[in-house]
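Listed below are the residues making up each chain.
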Amino acid sequence: MMGVLGLAAPDVLARQALYASASALVVLCALLVLLAVRHNRRNADALRVLKDFTLRDASPVLVTDADGDVQFSNLAAQRRFDQDLDQTLTGTLETTLANPGGIVFRLKTRADLEGSARESMVTRKGHVTLSVHQAGNNLYIWRLEDVPGGAQAHEGPVLPMILVGRSNAVLFMNEQARDLAGGRIKTLDRLFKTLPVVPGSVCDIKGPAGTDRVLVAEADAGAGRRALFLLPPGTENMATDGWAVFQDLPVPLLKVSPEGDIEAFNRMAAVLIGHTLEHEISLSDVMEGLGRSITDWLRETLAGRAAQQSEFLRLKRADKEVFVQVTLNRVTENGKPALIAVLNDATELKSLEAQFVQSQKMQAIGQLAGGVAHDFNNLLTAISGHCDLLLLRHDQGDPDFSDLVQINQNANRAAALVGQLLAFSRKQTLRPETLDMRDTLSDLTHLLNRLVGEKVTLTLNHDPVLHPIRADKRQLEQVLMNLVVNARDAMPQGGEIRVTTECTDLNEPLERDRVSVPPGKYVTVRVSDDGTGIPPDKLQKVFEPFFTTKRTGEGTGLGLSTAYGIIKQTGGYIFVDSTVGNGTTFTLYFPVMEETSIKAVAPREVIKKPVAKHGDGVILLVEDEAPVRAFASRALRLRGYTVLEADSAESALKTLEDQSLNIDVFVTDVVMPGLDGPSWVREALKDRPDVRVVFVSGYAEDSFSETQMKIPNSVFLPKPFSLSDLTDTVHRQLN
């Protein structure tokens, strides 16, 4: 190609440069061809030498390349494998080894690092050793040797032998074991009646003729495998080993030395503690959580100084969390002291205890949040109210107007934060209405797309027939935004957030996460992501307030706890499923509205904003917080009302003793020292039944809704309220 370009080039220098490049490429290609030929010839020479050297070796030898393809097999290998000789080493060894692929890979990896490797294994024909050596750049020499003294070297009867892997899968059984079991088995539970199999114990096995008893002996077979030999039980085992009496007891037992080493254990203890339980290991290696040295506890028990001989400990199991109650008893054997430990599975007890503590903690935090929200709402009412009074005296051209607007806006933001606290404590005031989730999500889609950004795709999938639910639309939108924002934050590199709605009909209670969802029809909303996921140890804490998996400064820890409170107060349920590395799914269950309920719902009455004509009426204002009372009285007087103030219920009743006073509206706080709002209002209405009432409170309306229903002509105004909120509510009551 360079030569053609050189002929076509008009410039002499360019033509010479192209000719030189073409010549260099030709020389380079020739060198590469020569190197390849030399490499192949060298490999062929090496293979020829290996053939001559190993052809008449007494042991089977196979030479392979790096991919495991057999390049040469000597006479011994051809005689031994015969029809089983395959093009690959793994295929050739399939009838000899239980797992040839894993063994070959393991040995080859070690040979690449160290130059050679070898491993001894138990097969159906006895013990063998497989070794490998590197030979040249791309050749490996594999040699299979029979080990003298193995099972095949004995001239007596061969013992039944089972080769078991790490997961108790049966990798191999010799003929004697197959005869005893009645055929080939895949797992130990198909042969042994009880698991785990304790070496040195007599076990019952299921054979073709019924139940047999065998003494189990164990030998290490390498690479995490075990060889189990099944021996005749004999008649002397029960007499020589008294601990065998306890093997079949339905109570987990341990025999512990004064130094804390486990000397013996029965089968139930092995099941409870797991595969980590072995002879001559320390008790502290399998248990923890005492709060002090386990050896000290054992020593005190042996000396009779232990305050209590029973303790709750946690097992060091990697697969699950297990708690045990350990009771120690001192015994003497052959004049030497020892301890017998009786174990009881206390996992369920500790789980119930943890649930109770958690519920108490959540209740306490909820009460604290509600109390803080009440006091904070009083402060916000005073701040925003006096700000409204200042705004009335400043127009938009005033230099201070923008500062006042900032104060007002930040007071509203603080009010939203208080709303989150009330949502978590389930003490907020909800405004439920009939909703179609498709319409709600459709109205929210534009905002959600702005929240997730460009890297994340938001996908909505709706059930074509979706029943209506009853919920507070504003609060439900807050829940959905919280879940979508969390899903976005879990995918910093981008991904997809899927919001799926569908109707679910539960024919039986749904039991999960210590919650029972009753049967019925539900609308479910699933918010799924492909993010980092939540670790199992943190999954049960995600709904706790102030718990967050985000870095410092990236989250308040109130988002999911707020969502939880809103969903529970709505009458629904929320669950979370997560796998680390695969993502998280939040599932919301909302009860479907019955058809009768839907028909009974009247259309929302559109309340026209009252005309700003005020001034007729006498108001009795009862508020124990002086700043709130000062703002409210000034706001009402600005609208022309006559305002009588009282700082307590008792003071209000004393004012009403004057029968000449004509009161039109009571404006009263709900929670006050002494008599509360509803109590004094009921007393006052006995003499003044036509007076209308406005209840104000920093708590939620639900906290006294039943009491309010018993008081005629009363309405509720939640704190914090603005000047116009207060005056408009009073005006509606008067008109």
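Analysis parameters
Residues numbered from 1 in each chain as written. Predicted model: local features only at pLDDT ≥ 70, side-chain atom pairs only at ≥ 80, totals over all residues. Heavy atoms only, no water. Helix = DSSP H or I, 4+ residues; strand = E, 2+ residues; numbered from the N terminus. Buried < 20%, exposed > 50% of the residue type's maximum accessible area, 1.4 Å probe, protein only. Contact = heavy atoms within 4.5 Å. Areas by Shrake-Rupley, 256 points an atom, 1.4 Å probe, with all protein chains shown as cover. Pairing = 2+ DSSP bridges. Axes fitted to C-alpha atoms, helices over the stretch in contact; angles between N-to-C directions. Polar contact = N/O pair within 3.5 Å; in protein donor to acceptor, adjacent residues only side chain to side chain. Parallel < 35°, antiparallel > 145°, perpendicular 65-115°, else oblique. Left-handed = near helix turned anticlockwise from the far one by under 90°. Nonpolar A, V, L, I, M, F, W, Y, C, P; charged D, E, K, R; others polar. 1 Å grid on protein atoms, 1.4 Å probe; cavity = no way out; pocket = protein on both sides within 12 Å on 5 of 7 lines; lining within 4 Å. Points joined across faces, edges and corners; volume = space filled by probe spheres on them. Expected span 1.5 Å × (residues − 1). Bend = angle between axes of the 7 residues up to and from the residue. Core = buried A, V, L, I, M, F, W, Y, C linked by side-chain atoms within 4.5 Å. Patch = residues over 30% accessible without salt bridge, like charges linked within 9 Å, V, L, I, M, F, W, Y side chains within 5 Å. Salt bridge = Lys/Arg side-chain N within 4 Å of Asp/Glu carboxyl O. Lys, Arg positive; Asp, Glu negative; His and termini not counted. Charge placed at Lys NZ, Arg CZ, Asp CG, Glu CD.

## Focus: the overall build of the protein
Of the regular secondary structure elements, the protein holds 21 helices and 30 strands. Within the protein, buried positions represent 41% of all 735 residues. Relative to all contacts within the protein whose residues are 6 or more apart in sequence, the contacts with residues 24 or more apart total 55%. About 39900 Å² of surface is accessible on the protein, with carbon and sulfur atoms providing 53% of the total.

## As for the sheet that holds strand 4 (residues 126-134)
As summarised here, the arrangement of the 5 strands in space is 2-1-5-4-3, forming an open sheet in which the pairing is antiparallel. Where the open sheet ends on each side, the last strands, each with one partner, are strand 2 (70-73) and strand 3 (116-123). Here the strands of the sheet are splayed against their neighbours by 20 degrees on average, with no regard to which way each runs. One ladder, built from 5 bridges, connects strand 1 (residues 61-65) with strand 5 (residues 139-146); its direction is antiparallel. Within strand 5, the position partnered with Thr64 by the bridge is Tyr140. Against the sheet, helix 5 (residues 100-114) engages strand 3, strand 4 and strand 5, with an angle of about 160 degrees to strand 3.

## Re the side chain of Ser384
For Ser384, the position within the fold is in helix 10 (residues 347-392). According to the relative accessible area criterion, Ser384 is buried, its value standing at 7%. One polar contact links the side chain of Ser384 to the main-chain carbonyl oxygen of Leu380, over a distance of 2.7 Å. Setting aside anything within four residues of it in sequence, one finds Ser384 in contact with Asn408, Ala411 and Phe721.

## Digging into the packing of helix 12 (residues 437-452) against helix 13 (residues 473-489)
Following both chains from N to C, one finds helix 12 and helix 13 inclined at 40 degrees, their axes separated by 10 Å at the closest point. The orientation of helix 12 relative to helix 13 falls into the category oblique. Relative to helix 13, helix 12 is oriented so that their crossing is right-handed. Contacts between helix 12 and helix 13 involve Met437, Thr440, Leu441, Asp443, Leu444, Leu447, Leu448, Leu451 and Val452 from the first element and Lys473, Leu476, Glu477, Leu480, Met481, Val484, Val485 and Arg488 from the second. Considered class by class, the residues forming the contact of helix 12 with helix 13 number 12 nonpolar, 1 polar and 4 charged.

## A closer look at empty space enclosed by the protein
Where empty space is left in the structure can be found by rolling a water-sized probe over the atoms. In the structure shown here, the tally under the stated rule is 1 cavity of 30 Å³ or more. Considered as a void within the structure, the largest cavity measures approximately 30 Å³ in volume. Lining the largest cavity are Ala471, Asp472, Gln475, Leu476, Ile566, Ile567, Thr570 and Phe590. Of all elements in the fold, only helix 13 and helix 15 (559-570) reach the threshold of two or more residues within the lining of the largest cavity. Among the residues forming the lining of the largest cavity, the class breakdown is 5 nonpolar, 2 polar and 1 charged.

## Topic: helix 15
End to end, helix 15 covers 17 Å across 12 residues, agreeing with the expected 16 Å (1.5 Å per residue, within 8%). Every buried residue of helix 15 is accounted for by Leu560, Ser561, Thr562, Ala563, Gly565, Ile566, Ile567 and Gln569. Phi turns positive one or two residues past the end of helix 15, at Gly571, with a value near 100 degrees.

## Observations regarding helix 12
The sharpest bend along helix 12 comes to roughly 50 degrees, located at Thr445. Looking only at helix 12, the buried set comprises Met437, Thr440, Leu441, Leu444, Leu448 and Val452. Considering only its buried residues, helix 12 is in contact with strand 17 (433-435), strand 18 (456-462), strand 19 (469-471), helix 13, strand 20 (495-506) and strand 23 (520-528). Residue Asp436 occupies the N-cap position of helix 12, its side-chain oxygen lying 2.9 Å from the main-chain nitrogen of Arg438. Two residues or fewer after helix 12 comes Gly453, characterised by a positive phi angle close to 85 degrees.

## Description of unusual backbone geometry
In this chain, Lys719 is followed by Pro720 through a cis amide linkage whose omega measures -5 degrees. Here Pro720 shows up in the loop between strand 30 (714-718) and helix 21 (723-734). Positive phi outside glycine occurs at Asn713, with the angle close to 55 degrees. The residue Asn713 is located in the loop between helix 20 (705-709) and strand 30 in this model.

## Structural notes on the sheet that holds strand 13 (residues 287-288)
Pairing between the strands of a sheet comes from backbone hydrogen bonds, and it takes one of two forms, parallel or antiparallel. Strands sit in the order 12-11-16-15-14-13 across an open sheet of 6 strands; the sheet is antiparallel. If you trace the sheet from one side to the other, it starts and ends with strand 12 (262-265) and strand 13, each paired once. Where strand 11 (residues 253-256) lies against strand 12, 3 bridges are found, and the strand directions are antiparallel. Counterpart to Val256 in the pairing with strand 12 is Ile262. Lying over the sheet, helix 9 (residues 294-303) contacts strand 11, strand 13, strand 14 (310-315), strand 15 (323-333) and strand 16 (336-345), oriented at roughly 45 degrees with respect to strand 15.

## Overview of the nonpolar core
Proteins that are soluble and globular tend to have nonpolar side chains buried together. Core analysis: the largest hydrophobic core is formed by 38 residues, its most contacted members being Met437, Ile497 and Leu588. If one sorts the elements of this core by residue count, helix 13 sits on top with 7 residues. Here Met437 is in contact with Leu466, Ile469, Leu476, Leu480, Thr501, Val523 and Val525, once residues within four sequence places are set aside. Of all hydrophobic cores here, the second largest spans 28 residues; its members include Leu277, Ile294, Trp297 and Ala341.

## Concerning the packing of helix 13 against helix 15
The contact between helix 13 and helix 15 brings their axes to 9 Å, and the two run at 145 degrees. Between helix 13 and helix 15 lies a crossing of left-handed hand. Residues Gln475, Val479, Asn482, Leu483 and Asn486 of helix 13 lie in contact with helix 15, whose contacting residues are Gly559, Leu560, Ala563, Ile566 and Ile567.

## Quick look at the side chain of Arg317
The residue Arg317 is located in the loop between strand 14 and strand 15 in this model. For Arg317, the side chain forms a polar contact with the main-chain oxygen of Val271, separated by 3.4 Å. Excluding residues that lie within four positions of it along the chain, Arg317 makes contacts with Val271, Leu272, Ile273, Gly274 and Val322.

## Some remarks on a positive patch on the surface
Taken together, the side chains of Arg184, Lys186, Arg190, Lys193 and Lys206 define a basic patch exposed on the protein surface. Position of Arg184 among the secondary structure elements: in the loop between helix 6 (175-181) and strand 8 (202-207). Residue Arg184 is classed as partly exposed on the basis of its relative accessible area, which comes to 40%.

## A look at the pairing of strand 20
Judged from the 7 bridges that link them, strand 18 and strand 20 form a sheet pairing that is parallel. From the neighbouring strand, His462 faces strand 20, where its bridge partner is Thr501. Strand direction decides the pairing type here: strand 20 and strand 23, joined by 9 bridges, are antiparallel. Residue pairing across strands places Cys503 opposite Val523, the latter belonging to strand 23.

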